[in-house]
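Spelled out, the chains give:
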Amino acid sequence: MKNAELRVEKPPFRNSQLSILDSALAAPALLFLALFFIWPLIEIARVSFTPSEISRGATPLSVLRDPTHLRVLGFSLWQATLSTALTLLAGIPIAFAFARYRFAGQRLWRALAVIPFVMPTVVVAAAFSALLGPRGALNAALQSALGLDQPPIQLLGTLPMILLAHVFYNVAVVIRLVGGFLSAFDPRIEEAAAGLGANRWQTFRYVSLPMALPSVGAAAALTFLFTFTSFGVVLILGGARFATLEVEIYRQTAQLLRLDIATSLAIVQMIVTLLVGWASARLEAKASAPLEARPTRDIRRPVVGPAARAFVAGSLAFIAIVLVLPLATLAGRSLNLEGGDPLRYYAALSENVRGSLFFVPPQLAIRNSLVFAAITAALAMLLGLPLGYAIAQGSRPDRGGSWFARLLDALVLLPLGTSAVTLGLGFLVAFDRPPLDLRTSVVLLPVAHTLIALPFVVRAILPAIRSFDPRLREAARGLGAGPLQALRHVDLPLLAPPFIAAMIFAFTVSLGEFGASLLIARPEYPTMPVVIYRFLGQPGALNYGQALAMSTLLMIVTAVSVMVIERVNERVVS
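What counts, and where the lines are drawn
- Sequence order as written defines the numbering, with residues in each chain counted from 1.
- Owing to the predicted nature of the model, reporting of local features is limited to residues with pLDDT of at least 70; listing and counting of side-chain atom pairs is limited to 80 or more, with chain, interface and lining totals taken over all residues.
- The side-chain quantities take in all heavy atoms of the structure and omit both hydrogens and water.
- Strands here are runs of E lasting at least two residues and helices are runs of H or I lasting at least four, both read from the DSSP assignment and numbered beginning at the N terminus.
- Exposure categories follow from relative accessible area, calculated using a 1.4 Å probe and restricted to protein chains: below 20% of the type maximum is buried, above 50% is exposed, and the middle band is partly exposed.
- Contact criterion: two residues are considered in contact whenever any of their non-hydrogen atoms come within 4.5 Å of each other.
- Using a 1.4 Å probe, accessible areas were evaluated by the Shrake-Rupley method; residue-level cover was limited to the displayed protein chains.
- Residues forming no salt bridge and having over 30% relative accessible area are the ones grouped into patches, like charges within 9 Å of each other and nonpolar side chains (Val, Leu, Ile, Met, Phe, Trp, Tyr) within 5 Å.
- Think of a salt bridge as a Lys or Arg side-chain nitrogen and an Asp or Glu carboxyl oxygen that are within 4 Å of each other.
- Each residue carries a pLDDT value, the predictor's own confidence for that position, ranging from 0 to 100.
- Paired rings are identified among Phe, Tyr and Trp, the last through its six-membered ring, by centres lying within 6.5 Å, and are further divided according to the angle between planes into stacked (under 30 degrees), edge-to-face (over 60) and tilted (the rest).
- Here a helix's expected span is defined as the number of its residues, less one, multiplied by 1.5 Å.
- Helix axes use the C-alpha atoms of the stretch in contact, all axes being lines fitted to C-alpha atoms, and the angles between their N-to-C directions lie in the range 0 to 180 degrees.
- In these notes the angle categories are as follows: under 35 degrees is roughly parallel, over 145 is roughly antiparallel, 65 to 115 is roughly perpendicular, and the rest is oblique.
- The crossing is said to be left-handed when, going from far helix to near helix, the turn is anticlockwise and less than a right angle, and right-handed when the turn is clockwise.
- Three residue categories are used. Nonpolar comprises Ala, Val, Leu, Ile, Met, Phe, Trp, Tyr, Cys and Pro, charged comprises Asp, Glu, Lys and Arg, and polar comprises the others, including Gly.

Caption draft 1: Region of interest: the overall build of the protein chain. Looking only at helices and strands, one finds 26 helices and four strands in the protein chain. Of all 574 residues assigned to the protein chain, the portion counted as buried reaches 52%. Within the protein chain, counting contacts between residues at least 6 apart in sequence, those at least 24 apart form 81% of the total. Here the protein chain has roughly 25700 Å² of accessible surface; of this, 67% comes from carbon and sulfur atoms.

What follows is the structure, encoded as C-alpha cells:
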C-alpha cells in the first residue's frame, strides 16, 4: 500500500489565540470593558465582602443553600425561558414580514415596534393598568357590552401579566435582530425550495428558519437575559408573590442592607449570564453558513396574493393591538380630559412651581437624552464593530475556531446580566480618587450606557458577519479593489441592515436607560427617564400627569429618532 493511502487525516489545529489583526481590533473594546466594567465590579465586591455591619460572611455558595434564594433562582430561570419562547413566537413572523415584503408606512411601523423597548417600567405599568386593570378601558367596554357586574379580565398580579409585559418589551429585539439579518440575505434559496414543491410551512421550517438561526439565537439570548434580570415588570405588575434575582438583589441592598448577600446573588446572576452567552455563541457558530448577501431593495417584494396580504396584515395587527394600544392608552391619559386645557400637563412641564434648584425644562431633558444617546451609539459602534469582526473571524471553523474568541463572545454579554444599580454603585466606588475621580463628571453617563449597549451591537452584527460570504470580497479584490474599497463598496452596503439595527439599539438603549442614570446622572443634566421618575416620586395628580406627558414625549422622540437614523443610514449606504 502506498504511503499516500496510509495517510491519516489530522484533526484541524485548535487555535487558542486570536491573530494579531483580530487582537488589535478587539483591544479597544477589551480595555474599555476592563476599565469600566471589571474594575468597578471588583471594587464593589471588595467593599461587600469586607467584614462590617453590612457584610456578615455570605458567599455565593451559602446563599444557594438557602431554599428561599434557590426558589427565586428557579423562578427567574423558568419565567425567562417561557417569556423568551413567547417572544420568539410573536416576533419571528413579524420580522419575516418586515424583511421580505415592501408595504406603505413600513418605516413608521418599524419605529412603533421599537418604542416599547425604551419605555420606563413604571409608566408601562400605568398604561397596562389603564388598559387591562379592573377599572381599565377593556374591562369597562366588556362590562358595558355583556352586562357584567364584575370585570371579566383579572390579570394584574398574575404570571400572565408578567409574560405579556415581557413580550411587549422584548419583541422589538426579535424584530430588529432577525429582521435585520433576513433583510441582508438572498431569498432566492426560499424561492428555489418553493419551486421544488415545498409549501409555505415547509419552506419556512426547512429553509428560512435554519437560515435565520444565528440571528434567532442572538435574539433569544438577549431576550432571555432581559427577562431573567427583570426588575420593574416583576415588582410592579407581578406583585409581592413573584421575585426574580434582580428583585431580591434590590431587596437585600435597599431594605435589608445586606451587601454581601446582594453581591453573592449578583455573582450567581453573572454566572448564569456567562453560561447563556457561551451556549448562544456555540449555537451561532454551528448554525452559521456563508450566504449570498444582496441589497435590501432587491430582497423586499410587493405584497401580492391573499396569503401574503393576510400575513402582513396579521403582523401589523399584532403590533397595533399588543404594542401600540397600551402606548395609545398612556398618551390618552397624558391629556387633561376633566375640563379646562387638555394640554395642561404638557404646559406644566415648563413651570417650576416649587422653585426647585434641579428643575429642568422639557426641551433640555430631551436635548440631554439625545446628546447622550448619540454619543452612546457612536461609542458602541466604534467599539462593537471591530470587536464583533474579531470574534467572527477568530471563531471561524476554517481558522481553527479559537476558544478565546468564543469566550469573548460569551463575556461580552456580561454587562446585560449585571444589575444596572450595582454597576452604578461600582462606578461611584471605583472612580472616587485621582487620576480617575469621575464621580462628578458627566462622562460617566454615556460610558455606562455604552456598557449596556455594547452587547446589543455585537449580538446584532455577529450573525451577519459570520454568514457573509467572503468570496464576494475576494472577487472585488481580484478585480483590483483595495481593502478599503472592498469594505466601502461590498461589505458595508450588503451588511447595512444589521449594522443599522445595531445602531438603533445602541441609541434606544441609551434613551430608555434608567437604573444607572438615576445614580450617576448629574442633577443639572437629567435624562427624560430620570425626569419622569422625579415626577412620579412626588404626590398629586399634576405630577402624575406630567410624568405621563413626558413619557409621551419620550415615545415621540424615540419614534422620530429611529426613523431619522434609518433614513440617514439608507441614504449614506445607497
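Caption draft 2: Structural context of a nonpolar patch on the surface. There is a patch of nonpolar side chains on the surface, built from Trp78, Leu82, Leu86 and Leu89 and spanning about 390 Å² of accessible area. Topologically, Leu82 is positioned in helix α4 (residues 67–100).

Caption draft 3: A look at the confidence of the model for the protein chain. Per-residue pLDDT for the protein chain averages 79, and the proportion of residues at 70 or more is 88%. The secondary structure element of the protein chain with the lowest average pLDDT is helix α1 (residues 3–6), at 42, and the one with the highest is α4, at 91. Note on residues 1–14: pLDDT is under 50 here. Beyond four places in sequence and across chains, it has five contacts.

Caption draft 4: Expanded view of the environment of Pro446. On the secondary structure map, Pro446 appears in helix α20 (residues 444–467). It is 7.8 Å that separates the C-alpha atoms of Pro446 and Ser510, two residues lying 64 residues apart in sequence. For Pro446, the residues in contact, after removing those within four places along its chain, are Phe372, Ile375 and Thr376.

Caption draft 5: Up close: the packing of aromatic side chains. Tallied over the full model, the rule gives 12 aromatic pairs. Measuring from centroid to centroid gives 5.8 Å for Phe168 and Tyr169, while their planes differ by 80 degrees, and the two rings are edge-to-face. Residue Phe168 shares its accessibility class with Tyr169, and that shared class is buried. Seen from their ring centres, Phe226 and Phe456 are 5.3 Å apart, and the 35 degrees between their planes marks the pair as tilted. Of the two residues, Phe226 sits in helix α10 (residues 200–228) while Phe456 sits in helix α20, which places them 230 residues apart along the sequence. Ring pairing ties together the aromatic residues Phe32, Phe36, Trp39 and Phe431, which thus form one cluster.

Caption draft 6: The arrangement of the side chain of Gln106 in detail. By the secondary structure assignment, Gln106 is in helix α5 (residues 106–114). A relative accessible area of 8% places Gln106 in the buried class. Beyond its immediate chain neighbours, meaning those up to four positions away, Gln106 contacts Phe98, Tyr101 and Arg300.

Caption draft 7: Representation of helix α23 (residues 496–512). End to end, α23 covers 24 Å across 17 residues, agreeing with the expected 24 Å (1.5 Å per residue, within 8%). The buried fraction of α23 amounts to 16 of the 17 residues, a majority that puts the element mostly inside the structure.

Caption draft 8: Broad picture of the packing of helix α17 (residues 362–394) against α23. Where α17 contacts α23, the axes come no closer than 8 Å and their chain directions differ by 140 degrees. Taken as axis vectors, α17 and α23 run oblique relative to one another. Relative to α23, α17 is oriented so that their crossing is right-handed. Contacts between α17 and α23 pair Ser369, Leu370, Phe372, Ala373, Ala374, Thr376, Ala377, Ala380, Met381 and Leu385 from the former with Phe499, Ala502, Met503, Ala506, Phe507, Ser510 and Leu511 from the latter. Residue classes in the contact of α17 with α23 are distributed as 14 nonpolar, three polar and no charged.

Caption draft 9: Seen up close, the environment of Leu89. With respect to the secondary-structure elements, Leu89 resides in helix α4. Residues Leu89 and Val171, spaced 82 residues apart in sequence, show a C-alpha to C-alpha distance of 9.3 Å.

Caption draft 10: Representation of the environment of Val429. Mapped onto the secondary structure, Val429 falls in helix α19 (residues 420–430). Ignoring anything within four residues of it in the chain, the contact list for Val429 reads Glu43, Ile44 and Val47.

Caption draft 11: Structural view of the packing of α5 against helix α8 (residues 159–182). At their nearest, the axes of α5 and α8 sit 8 Å apart, and the two run at 135 degrees to each other. Taken together, the axes of α5 and α8 lie oblique to each other. Here Arg110, Ala111, Ala113 and Val114 of α5 come into contact with α8, specifically with Ala172, Ile175 and Arg176. For the contact of α5 with α8, the per-class residue count stands at five nonpolar, no polar and two charged.

Caption draft 12: The arrangement of the side chain of Glu43 in detail. Relative to the assigned elements, Glu43 resides in helix α2 (residues 20–49). The contacts of Glu43, once residues within four sequence positions are left out, are Val429, Ala430 and Arg433.

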